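Structural overview for review
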Amino acid sequence: MRVLVVHAHPVETSFNRALYNAALEALRSSGHEVDALSLYDEGFEAVMSREERLNYHDIPGNLTPAVKSYVHRVQAADAIVFVHPVWNYGYPAILKGFFDRIFLPGVSFILVGGNGVDTGKLVPNLKKMKVAYITTYGGDRWRTWLMGDPPRRLARRWAWVTFGTRLPPKYLALYDMNNVSEEDRKAFIEKVRRELGKF
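Here's what I pulled together on the structure shown here. Bear in mind the structure is a predicted one, so any value in this text is a computation, not a measurement.

Cut-offs applied
- Note on numbering: residues in each chain are counted from 1, in written sequence order.
- Local features in a predicted model are, by the rule used here, given only for residues with pLDDT of at least 70; side-chain atom pairs are given and counted only at 80 or more, and totals for whole chains, interfaces and linings are based on all residues.
- Side-chain metrics rest on all non-hydrogen atoms present in the structure, leaving aside hydrogens and water.
- Within 6.5 Å between ring centres, the rings of Phe, Tyr and Trp (the latter by its six-membered ring) count as paired, and their orientation is classed by plane angle as stacked under 30 degrees, edge-to-face over 60, tilted in between.
- Here a strand is any run of E in DSSP of at least two residues, a helix any run of H or I of at least four, and the numbering for each starts at the N terminus.
- Exposed residues in this analysis have more than 50% of their type's maximum accessible area, buried residues have under 20%, and partly exposed residues fall in between, with area computed by a 1.4 Å probe over protein chains only.
- Think of it as a cone above the ring: NZ of Lys or CZ of Arg counts as a charge over the ring if it is within 6 Å of the ring centre and within 35 degrees of the ring normal.
- Note on method: axes are straight lines fitted to C-alpha atoms, helices fitted across the in-contact stretch only, with angles between N-to-C directions ranging 0 to 180 degrees.
- Any angle between 65 and 115 degrees counts as roughly perpendicular, while under 35 counts as roughly parallel, over 145 as roughly antiparallel, and the rest as oblique.
- The handedness criterion is simple: a crossing whose near helix is rotated anticlockwise from the far helix by less than a right angle is left-handed, and one whose near helix is rotated clockwise is right-handed.
- Should any heavy atoms of two residues lie within 4.5 Å, those residues are considered in contact.
- Just so you know the grouping, Ala, Val, Leu, Ile, Met, Phe, Trp, Tyr, Cys and Pro go in nonpolar, Asp, Glu, Lys and Arg go in charged, and all remaining residues, Gly too, go in polar.
- Strands pair, by our definition, only if DSSP identifies at least two bridges between them.
- For this document, the term salt bridge refers to a Lys or Arg side-chain nitrogen within 4 Å of an Asp or Glu carboxyl oxygen.

1. With respect to the packing of aromatic side chains
The geometry of an aromatic ring pair is captured by two quantities: the separation of the ring centres and the angle between the planes. Summed over all chains, the structure comprises 17 aromatic pairs. Seen from their ring centres, phenylalanine 44 and phenylalanine 98 are 5.6 Å apart, and the 65° between their planes marks the pair as edge-to-face. Of this pair, phenylalanine 44 sits in the loop between β2 (33-38) and α2 (50-54) while phenylalanine 98 sits in helix α4 (residues 93-102), and the two are 54 residues apart along the sequence. For the pair phenylalanine 44 and phenylalanine 98, one class covers both residues: buried. Ring-pair connections join several aromatic residues into one group, and the members of that group are Phe44, Tyr70, Phe82, Tyr91, Phe98, Phe99, Phe103, Tyr133, Trp158, Phe163 and Tyr171. In this arrangement the basic side chain of arginine 53 is found over the ring face of tyrosine 56, its NZ or CZ atom lying 4.4 Å from the centre.

Next up, the structure:
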């Protein structure tokens, strides 16, 4: 199985990078073909340009040279794993930009009925694929629950529909990571290895 692993953290010595590396190792050890995509390492531009927004519904004109190779990587995947921190109860800007710029009309969804441009029923357009999120939170589980845990909700709902999985995507989260012990961090890395080993 071809697995795209998308990483969104700028620091190469971070715990999040260790999670990314563990995910890559676990998937390769299980015999998967892995496409490693570190958004910061590749210099991915998170900001949608004016031209991209104006041509957003122009299929296939919305596939600009800046996004085309990323779109092809998503389309070539049989599974996707997102490895990222949660900042201010949201995705890092670079990951949100990846979703906004790559998951375009004609790529992740199409409009059926209406005038074919900006009205009609949204229908998923990606092949069904396995999806997992591996993430860390600075906030503890209780405070995150009070805030509604927006990243988990998006992952479990938006991704469920977008990728057409039978069950919601796997969501592995380490909460309160700035206060957990080294043993807790090691245990979480092992959990990631174990879960992705069964992917």
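2. A closer look at the packing of helix α1 (residues 15-29) against helix α7 (residues 182-197)
Two numbers describe how α1 lies on α7: the axes approach to 8 Å, and their chain directions differ by 30°. Classified by the angle their axes make, α1 and α7 are roughly parallel. Relative to α7, the crossing made by α1 is right-handed. Residues Phe15, Ala18, Leu19, Ala22, Ala23, Glu25, Ala26 and Leu27 of α1 form the contact with α7, whose participating residues are Arg185, Phe188, Ile189, Val192, Arg193, Leu196 and Gly197. In terms of residue class, the contact of α1 with α7 is built from 11 nonpolar, one polar and three charged.

3. Here we look at the sheet that holds β2
In spatial order, the strands read β2-β1-β3-β6-β7; together these five strands make up an open sheet with parallel pairing. Whereas interior strands pair on both sides, the edge strands pair on one side only; in this sheet they are β2 and β7 (170-174). Neighbour-to-neighbour, the strand axes of the sheet open up by a mean angle of 15°, direction not taken into account. Bridge count for strand β3 (residues 79-86) against strand β6 (residues 130-137) is eight bridges, and the pairing is parallel. Within β6, the residue paired with proline 85 across the bridge is threonine 136. Across the sheet, α4 touches β1 (2-7), β2, β3 and β6, and the angle it forms with β3 is around 145°. Here α7 sits on the sheet and contacts β3, β6 and β7; the angle it forms with β7, its principal contact strand, is near 170°.

4. Overview of the pattern of salt bridges
This model, assessed by the stated rule, comprises 14 salt bridges. When the shortest N-O distance is used, the salt bridge between arginine 2 and aspartate 35 registers 3.6 Å. Of the two residues, arginine 2 is situated in strand β1 and aspartate 35 in strand β2; the sequence distance between them amounts to 33 residues. Exposure remark for aspartate 35: the relative accessible area of 11% places this residue in the buried category. Ionic pairing is found between lysine 170 and glutamate 195, a salt bridge with its closest N-O pair at 2.9 Å. With lysine 170 in strand β7 and glutamate 195 in helix α7, this residue pair connects regions lying 25 residues apart in the sequence.

What is shown is where atoms sit, not what they do.
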